[in-house]
Amino acid sequence: MTNFPKWSQVRADVVAAAGGEEAVTEARKRNQAYVDGHRLAERGTDTHAA
């Protein structure tokens, strides 16, 4: 079994590399908007929806 570091051990470095907490928050919001839009589009094309 491989030993990976815990997220809590690497998070600070990842956040710093991404540009800080605000950048991570904005990226999360953009990603969530994309997912939400994709889900809405799937609903709109479902020919079996009630």
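Here, every reference points to the structure presented above.
Now for a look at the structure at hand.

**A look at the overall build of the chain**
1) Next: Counting its regular elements, the chain contains 2 helices and 0 strands.
2) Next: A globule of 50 residues ought to have a C-alpha radius of gyration of about 10 Å, yet the chain, at 17 Å, is considerably larger.
3) Next: If you line up the chain on its principal axes, its C-alpha atoms span 45 × 35 × 10 Å.
4) Next: Considering the chain as a whole, with its 50 residues, one finds that 4% of them fall into the buried category.

**Things to note about the pattern of salt bridges**
When charged atoms on two side chains of opposite charge get close, those side chains can pair.
1) Next: A full pass over the atoms with the stated rule returns 2 salt bridges.
2) Next: Between Glu21 and Arg11 there is a salt bridge whose closest N-O contact spans 2.9 Å. Here Glu21 is found in helix α2 (residues 21–45), whereas its partner Arg11 is found in helix α1 (residues 7–18), with 10 residues between them in sequence.

**With respect to the environment of Glu22**
1) Next: Within the secondary structure, Glu22 is located in helix α2.
2) Next: Taking the relative accessible area as the measure of exposure, Glu22 reaches 64% and is therefore exposed.
3) Next: When the C-alpha atoms of Glu22 and Gly37 are compared, they prove to be 22 Å apart, with 15 residues separating the residues in sequence.

Thresholds, definitions, all that
- Every chain's residues receive numbers from 1 upward, in the order its sequence appears when written.
- In view of the model being predicted, local features appear only for residues whose pLDDT reaches at least 70, and side-chain atom pairs are presented and counted only at 80 or more, with totals across whole chains, interfaces and linings using the full set of residues.
- In computing side-chain values, all of the structure's heavy atoms are included and hydrogens and water are not.
- Numbering of helices and strands starts at the N terminus; helices are DSSP runs of H or I of at least 4 residues and strands are runs of E of at least 2.
- Here the radius of gyration uses the C-alpha set of atoms, whereas the globule reference equals 2.2 Å times the residue count to the power 0.38.
- Burial status follows relative accessibility: with a 1.4 Å probe on protein chains alone, a residue under 20% of its type maximum counts as buried, one over 50% as exposed, and anything between as partly exposed.
- Salt bridge criterion: a side-chain nitrogen from Lys or Arg within 4 Å of a carboxyl oxygen from Asp or Glu.

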